[in-house]
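Next come the chains, spelled out residue by residue.
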2 protein chains.
Amino acid sequence: MESVKFVSFIGSGNLAWHLAPALDNAGYIVKEVYSRNPHHAEILVERLYQAEVKASLDFSTSDSNVFIIATSDDAIQDIVREIVLPDEAVLIHTSGSQPLNVLQFAATPHLGVLYPLQTFSKLKKVDFREIPLFIESSDQKTEHAVMPLANAISNKVQKIGSEERKALHVAAVFASNFTNHMLAIADDILQQNNINFDWLIPLITETINKSIALGPEEAQTGPAKRGDLEVLDEHLEFLRKQKSVAAIYKLVSQHIIDKYNPD
Amino acid sequence: MESVKFVSFIGSGNLAWHLAPALDNAGYIVKEVYSRNPHHAEILVERLYQAEVKASLDFSTSDSNVFIIATSDDAIQDIVREIVLPDEAVLIHTSGSQPLNVLQFAATPHLGVLYPLQTFSKLKKVDFREIPLFIESSDQKTEHAVMPLANAISNKVQKIGSEERKALHVAAVFASNFTNHMLAIADDILQQNNINFDWLIPLITETINKSIALGPEEAQTGPAKRGDLEVLDEHLEFLRKQKSVAAIYKLVSQHIIDKYNPD
């Protein structure tokens, strides 16, 4: 007979906001949510079936088997120092950039990582089944706890080491955080000129569809790709009052020029 | 009785590759294609019903009413100087960054702009009906030629002045060329670590869907948005052997930090 699979969360940010309900809907029961800000824990608990707000990091009497740290990276080490766990607990973090051994001084030998390669915002629903989950485990017991949990919520589970996970995370910053910020800069430029952002939407969707279809190298277009220095100068002149935006324009354009027009 | 609407192209690059067939399929007839490289003109002509390669810029005996310059920006002025046109010809360019008056010394007073806000690569089919076309005209005759032509191929035709068009073009460089280049950098990082680019696809599509749904400012996530300086340092350490990529990482991250964590 399979035991009930109880899970506790440390952290209640954007990732926990989506991951905890996904587990709740996949045969797991989220029992406890701890957050430095108890109000944030309360709001997450309202999304869950049986969870309660946990006021401290003393989980010594917890029924959970798996404890998921879903905080910002810089909080992980403090949590590892403070957390008190029941016997045989499995402790995992969800960070792309932190190695498995950031957990090494925790009060359990069963350590793992579950890194979801996705961008999470509270207001935007995501389909967890399509999210790649990258798994690392210190030992077999951990792997036997983490793999079924990951497979219960996603169709795309993959084992990966800490160094490759960091490469994925750096790549994800460019592919997600920086692409989104390029759109934010475009939005700012249009707002300053009273032009609706919606005009850009067909361009943005085609850019991404093409980049995925042809690969980004083959898909590249634009004045920097063509080495059209006159246009680059005109654009920099247009941006002359926004020094930091102009600096980004210049650096990224130069990188494109160097990639496609080497000599 | 409506006269037959003949069009000639100067230039045979990525835009002409898609725009000329779109006109051919919308009640216009592309009669002539001129290109500095006649072989490129030949290849485009093969995609068209009745077009012929034009060997020179002397169109004095042409049957066309509308002449479309679809070259790189830096070629436009040379073409304006050299081109010979029939009486009452309408001459338009397709550049985002060039003002209408770059055409002012042409041998006709009927000057216009048709700027399609899209990224074009020969290998990727596009749906012209969904492409915003931004129109500018020197006079009524030109407008009466360019507006029907634009409306014949696109559902999204908009009149706009030269300065706003330049703002759109600069925004489009960020929204398209630079987002695609961020994906190219991500691809490079993954290739160096033998990780398949396909793992990023759910992240990329969700990033764009979310950015369009919430707006890019609300959609921003990542270590720079959170002000997580430890992760930024680790990523810069990871990129230490790729100085130009690290420089982009640093500059874009700083811009995100300044936008979301001002103090």
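Fair warning: this is a prediction, and the values are worked out from it, not measured in the lab.

A. Focus on the environment of Asn101 of chain A. Residues and elements named next belong to chain A. With respect to the helices, strands and loops of the structure, Asn101 is situated in the loop between strand 5 (90–93) and strand 6 (110–116). Note on Asn101: relative accessible area 45%, which makes it partly exposed. Along the backbone, Asn101 and Ser138 are 37 residues apart, and their C-alpha atoms lie at a distance of 8.7 Å.

B. Inspection of the pairing of strand 6 of chain A at higher detail. Residue and element names in this part refer to chain A. Burial analysis of strand 6 places seven of its seven residues in the buried class, the great majority of the element. Residues His110, Gly112, Leu114 and Pro116 line one face of strand 6 and the alternating positions Leu111, Val113 and Tyr115 line the opposite face, and both faces are buried. Two elements, strand 6 and strand 7 (residues 133–137), share five bridges in a ladder whose sense is antiparallel. By the bridge assignment, Gly112 is partnered in strand 7 with Ser137.

C. Summary view of the pattern of salt bridges. Considering all chains together, one arrives at 20 salt bridges over all chains under this definition. Because the salt bridges share partners, they merge into one network encompassing Asp188 of chain A together with Glu217 and Lys259 of chain B.

D. Local environment of the interface of chain B and chain A. Across the contact, 91 residues belong to chain B and 91 residues belong to chain A. Summed over both sides, the interface of chain B with chain A buries roughly 8700 Å², with 71% coming from carbon and sulfur. The three residues of chain B that bury the most area against chain A are Phe174, Trp199 and His255 of chain B, which together make up 9% of that side's buried surface. At the junction of chain B with chain A, the criterion picks out four salt bridges. We note a salt bridge from Lys124 of chain A to Glu206 of chain B, for which the minimum N-O separation is 3.4 Å. Summed over the shared surface of chain B and chain A, the result is 34 residue pairs in polar contact (both at pLDDT 80 or more).

E. Quick peek at the nonpolar core. Membership of the largest hydrophobic core comes to 114 residues, with the highest contact counts inside it found for Phe174 and Leu200 of chain A together with Phe174 and Leu200 of chain B. Discounting chain neighbours no more than four positions away, the residues touching Leu200 of chain B are Leu117, Ala171, Ala172 and Ala175 of chain A together with Ala186 and Leu190 of chain B.

F. Focus on the packing of helix 9 (residues 229–238) of chain B against helix 10 (residues 243–260) of chain B. Residue and element names in this part refer to chain B. Direction vectors running N to C along helix 9 and helix 10 enclose 165°, while the axes themselves pass 10 Å from each other. Judged by the inter-axis angle, helix 9 sits roughly antiparallel to helix 10. Helix 10 is crossed by helix 9, and the crossing has right-handed handedness. Judged by residue contacts, Leu229, Leu232, His235 and Leu236 of helix 9 engage Ala246, Tyr249, Lys250, Ser253 and Ile257 from helix 10. Of the residues in the contact of helix 9 with helix 10, the class split is six nonpolar, two polar and one charged.

G. Representation of the packing of helix 6 (residues 201–214) of chain A against helix 5 (residues 162–192) of chain B in the model. Direction vectors running N to C along helix 6 of chain A and helix 5 of chain B enclose 20°, while the axes themselves pass 10 Å from each other. Viewed along their axes, helix 6 of chain A and helix 5 of chain B adopt a mutual orientation that is roughly parallel. As helix 6 of chain A runs across helix 5 of chain B, the sense of the crossing is right-handed. Within the contact between the two elements, helix 6 of chain A uses Leu203, Ile204, Thr207, Ile208 and Ser211 of chain A and helix 5 of chain B uses Ala172, Ala175, Ser176, Thr179, Asn180 and Leu183 of chain B.

H. Looking closely at the relation of the copies chain B and chain A. Placing chain B over chain A gives an RMSD of 0.1 Å and needs a rotation angle of 180°, together with 0.0 Å of translation along the axis. Here the copies are linked by what is in effect a two-fold axis. Among all residues of chain B, the minimum C-alpha distance to the rotation axis is found for Thr179 of chain B, at 2.3 Å. A shared interface surface links the copies, since 100% of the contact residues of chain B are contact residues in chain A too.

I. Molecular detail of the sheet that holds strand 2 (residues 29–34) of chain A. Residue and element names in this part refer to chain A. The sheet built from eight strands is open, its strands ordered 3-2-1-4-5-6-7-8 with mixed pairing. Both edges of this open sheet fall to strand 3 (52–54) and strand 8 (157–159), since each of them pairs with a single strand only. This sheet shows a mean twist of 25° between the axes of neighbouring strands, independent of strand direction. The sheet strands contacting helix 1 (residues 14–24) are strand 1 (6–10), strand 2, strand 4 (66–69) and strand 6, and the helix crosses strand 1 at an angle near 175°. In the packing of helix 2 (residues 38–45) onto the sheet, the strands contacted are strand 2 and strand 3, and the crossing angle to strand 3 comes to about 160°.

Each value, and the rule that gives it
Residues numbered from 1 in each chain as written. Chains lettered and ligands numbered in written order. Predicted model: local features only at pLDDT ≥ 70, side-chain atom pairs only at ≥ 80, totals over all residues. Heavy atoms only, no water. Helix = DSSP H or I, 4+ residues; strand = E, 2+ residues; numbered from the N terminus. Buried < 20%, exposed > 50% of the residue type's maximum accessible area, 1.4 Å probe, protein only. Pairing = 2+ DSSP bridges. Salt bridge = Lys/Arg side-chain N within 4 Å of Asp/Glu carboxyl O. Contact = heavy atoms within 4.5 Å. Buried area = accessible area lost by both parts, 1.4 Å probe. Polar contact = N/O pair within 3.5 Å; in protein donor to acceptor, adjacent residues only side chain to side chain. Core = buried A, V, L, I, M, F, W, Y, C linked by side-chain atoms within 4.5 Å. Axes fitted to C-alpha atoms, helices over the stretch in contact; angles between N-to-C directions. Parallel < 35°, antiparallel > 145°, perpendicular 65-115°, else oblique. Left-handed = near helix turned anticlockwise from the far one by under 90°. Nonpolar A, V, L, I, M, F, W, Y, C, P; charged D, E, K, R; others polar. Least-squares fit on C-alpha atoms with pLDDT ≥ 70 in both.

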